Amino acid sequence: MSYLFESFSGWKAYCEAKNISLFDSVIEYEVVQKGNTEERIWDGLLKAYTVMREAVETGLKEEMNSRSGMINNGAKKVFHHPLTVLSPEFQKLISRALAAKEVNSCMGRVVAAPTAGASGILPGTLYTLQEIHGLSDRKILEGLLVGAGIALIIEEKASLAGAVGGCQAETGSAAAMAAGAIVHCLGGDVDQVFNAVAITIQCMLGLVCDPVAGLVEVPCVVRNASAAAIANSSAQIALAYVSAVIPVDECVEAMGEIGASMESRYKETAMGGLAATLTGQEIAKRVLIQDIEILPDETLPE
Ligand code: SF4
């Protein structure tokens, strides 16, 4: 029998009863529920992680300018800036999360983990974690499986979509996946993994989805960097056995409740928050004019 990803407490109880790890239960779920084979799962994970790494490298190497002009090689500027705020590792983490997300905003190839809008958080985090701790690819892939289990439960109890739950559901969920993956990769136990998820969600609750001009660029790109930072701070706190106090399942329920009560202008409609500012509206107008200018004549209204 395979476990259904409905709650963190159920996930823990299932793994304890069967004496298997968190990532093993995700493999079992994929095999039993989705008819996948273990070999294909590991292959698919390696492919996904390879695309994540390539997105980081592409974003730090190639020109990253979006058509709207809002994205303009920000990751490279951060990576090469001579003044580091905390440490060179922190600077790399931030620039790598920005890099992978900029690739998405510039229409490059990324892994939607869990969504394209949040596609810089896991790559930036895992790339940097692997480099700092000399982890094997296999360990990182285990972390991705733990992240997948976390996402399945968040999807079940709340949402992973900005259009349903605001940005907390997208960048918040990705940060929760990344925090859990970090703790797993560094040898944390199940309680520490789930505590990292709970702390991350507590830090991301209430974040609205307000993309300027409806483009997944501003504030999406910088939110990937801040979410990566929160994932790392939450993992650091959880590894030290500092309790989130509110259990992880209740934190996810709070995320669902906040998402459900959020007004629709904060759910990807580009009608509230930063999208509704004076500058946001001016950019939206300019982008619309650009779009009309590149339309072939026959598609324009008479
Ligand atoms: S602001 Fe909206 S579109 Fe942008 S990353 Fe967040 S949820 Fe996605």
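In case you missed it, the structure is sitting above this.
Quick notes on the rules
- Residues numbered from 1 in each chain as written.
- Predicted model: local features only at pLDDT ≥ 70, side-chain atom pairs only at ≥ 80, totals over all residues.
- Heavy atoms only, no water.
- Helix = DSSP H or I, 4+ residues; strand = E, 2+ residues; numbered from the N terminus.
- Rg over C-alpha atoms; globule rule 2.2 N^0.38 Å.
- Buried < 20%, exposed > 50% of the residue type's maximum accessible area, 1.4 Å probe, protein only.
- Contact = heavy atoms within 4.5 Å.
- Near = heavy atom within 4 Å.
- Nonpolar A, V, L, I, M, F, W, Y, C, P; charged D, E, K, R; others polar.
- Expected span 1.5 Å × (residues − 1).
- Phe/Tyr/Trp six-rings, centres within 6.5 Å; stacked < 30°, edge-to-face > 60°.
- 1 Å grid on protein atoms, 1.4 Å probe; cavity = no way out; pocket = protein on both sides within 12 Å on 5 of 7 lines; lining within 4 Å.
- Points joined across faces, edges and corners; volume = space filled by probe spheres on them.
- Polar contact = N/O pair within 3.5 Å; in protein donor to acceptor, adjacent residues only side chain to side chain.
- Core = buried A, V, L, I, M, F, W, Y, C linked by side-chain atoms within 4.5 Å.

A.B. asks: Help me understand the overall build of the protein chain in this model?
C.D. replies: Helices and strands together make up the secondary structure of the protein chain, namely 13 helices and 0 strands. Starting at the N terminus and walking to the C terminus, you meet the elements of the protein chain as α-α-α-α-α-α-α-α-α-α-α-α-α. By the compact-globule yardstick of 19 Å for 302 residues, the protein chain fits well, its C-alpha radius of gyration being 19 Å. On the principal axes, the C-alpha backbone points of the protein chain span a range of 65 × 45 × 40 Å. Expressed as a percentage of its 302 residues, the buried residues of the protein chain come to 49%. Summarising the internal contacts of the protein chain: among those between residues at least 6 apart in sequence, 73% fall at separations of at least 24.

A.B. asks: Would you explain the site of the ligand in this entry?
C.D. replies: With respect to spatial proximity, the complete set of residues near the ligand consists of Gly117, Gly162, Cys167, Glu170, Cys209, Asp210, Val216, Cys220 and Arg223. Those elements giving two or more residues to the shell around the ligand turn out to be helix 9 (167-185) and helix 11 (220-239). Residue composition of the shell around the ligand, grouped by class: 4 nonpolar, 2 polar and 3 charged.

A.B. asks: Before we go on, may I ask you to explain helix 2 (residues 22-34) in this structure?
C.D. replies: Structural remark: α-helix, 3.6 residues per turn; residues separated by three or four positions point the same way. For helix 2, spanning 13 residues, the distance from its first C-alpha to its last is 18 Å, which sits close to the expected 18 Å at 1.5 Å a residue. Among all positions in helix 2, only Leu22, Phe23, Ser25, Val26, Ile27, Glu28 and Tyr29 are buried. Structurally, helix 2 contributes buried residues whose contacts are with helix 1 (8-18), helix 3 (38-61), helix 7 (137-157), helix 9 and helix 10 (190-204).

A.B. asks: Can you walk me through the packing of aromatic side chains in this structure?
C.D. replies: In this description, a pair of aromatic rings is defined by centroid distance and the angle of the planes. Going through the model one piece at a time under the given rule, you end up with 6 aromatic pairs. Taken together, a centroid distance of 5.1 Å and an interplanar angle of 85° make the contact between Phe5 and Tyr29 edge-to-face. Within this pair, whereas Phe5 is found in the segment before helix 1, its partner Tyr29 is found in helix 2, the two being separated by 24 residues in sequence. You'll find Phe5 and Tyr29 in the same group, each marked buried. Grouping aromatic residues by their ring pairs yields a cluster made of Phe5, Phe8, Trp11, Tyr29 and Phe194.

A.B. asks: How should I be thinking about the layout of surface pockets in this particular structure?
C.D. replies: If a probe as big as a water molecule is rolled over the atoms, it shows which places are left empty. Estimates place the volume of the largest pocket at around 420 Å³. Breaking the lining of the largest pocket down by element, the ones donating at least two residues are helix 2, helix 3 and helix 7. Classifying every residue of the lining of the largest pocket gives 17 nonpolar, 3 polar and 3 charged. Of the pockets and cavities examined, the second largest pocket occupies roughly 360 Å³. Forming the boundary of the second largest pocket are 18 residues, of which Leu129, Ile132, His133, Asn232 and Gln236 lie nearest the centre. Put simply, the parts of the chain that give the lining of the second largest pocket at least two residues each are helix 5 (88-105), helix 6 (121-133) and helix 11. Per-element accounting of the lining of the second largest pocket gives the leading share, 6 residues, to helix 11. Considered class by class, the residues forming the lining of the second largest pocket number 10 nonpolar, 7 polar and 1 charged.

A.B. asks: In this structure, what is going on with unusual backbone geometry? I would like to understand it.
C.D. replies: Backbone phi values are negative for most residues with the exception of glycine, while trans is the configuration of most peptide bonds. Put simply, Ala113 and Pro114 share a cis peptide bond, and its omega is 0°. In this structure, Pro219 follows Val218 across a cis peptide bond, with omega equal to 10°. Among the structural elements, Pro219 can be located in the loop between helix 10 and helix 11. In the Ramachandran plot, Asn19 falls in the positive-phi region, its phi being about 55° despite a non-glycine side chain. With respect to the helices, strands and loops of the structure, Asn19 is situated in the loop between helix 1 and helix 2. The backbone of Val245 sits at a positive phi, close to 70°, despite the residue not being glycine. The topology assignment puts Val245 in the loop between helix 11 and helix 12 (248-261).

A.B. asks: It is not clear to me how the side chain of Gln130 should be interpreted in this structure. Could you clarify?
C.D. replies: Along the chain, the position of Gln130 falls in helix 6. Side-chain polar atoms of Gln130 contact the side chain of Tyr49, separated by 2.6 Å. Excluding residues that lie within four positions of it along the chain, Gln130 makes contacts with Tyr49, Arg53, Leu135, Ser136, Asp137 and Ile140.

A.B. asks: Where do I start with the nonpolar core in this structure?
C.D. replies: For soluble globular proteins, nonpolar side chains are generally found buried alongside one another. One finds Phe8, Trp11 and Ile150 to be the most contacted residues of the largest nonpolar core, which totals 62 residues. By residue number, the principal contributor to this core is helix 9, which donates 10 residues. Contact partners of Phe8, with chain neighbours within four places excluded, come to Ile150, Ile153, Phe194, Val197, Val248, Asp249 and Val252. Ranked by size, the runner-up nonpolar core spans 15 residues in total, among them Ala55, Ile94, Ala99 and Ala225.

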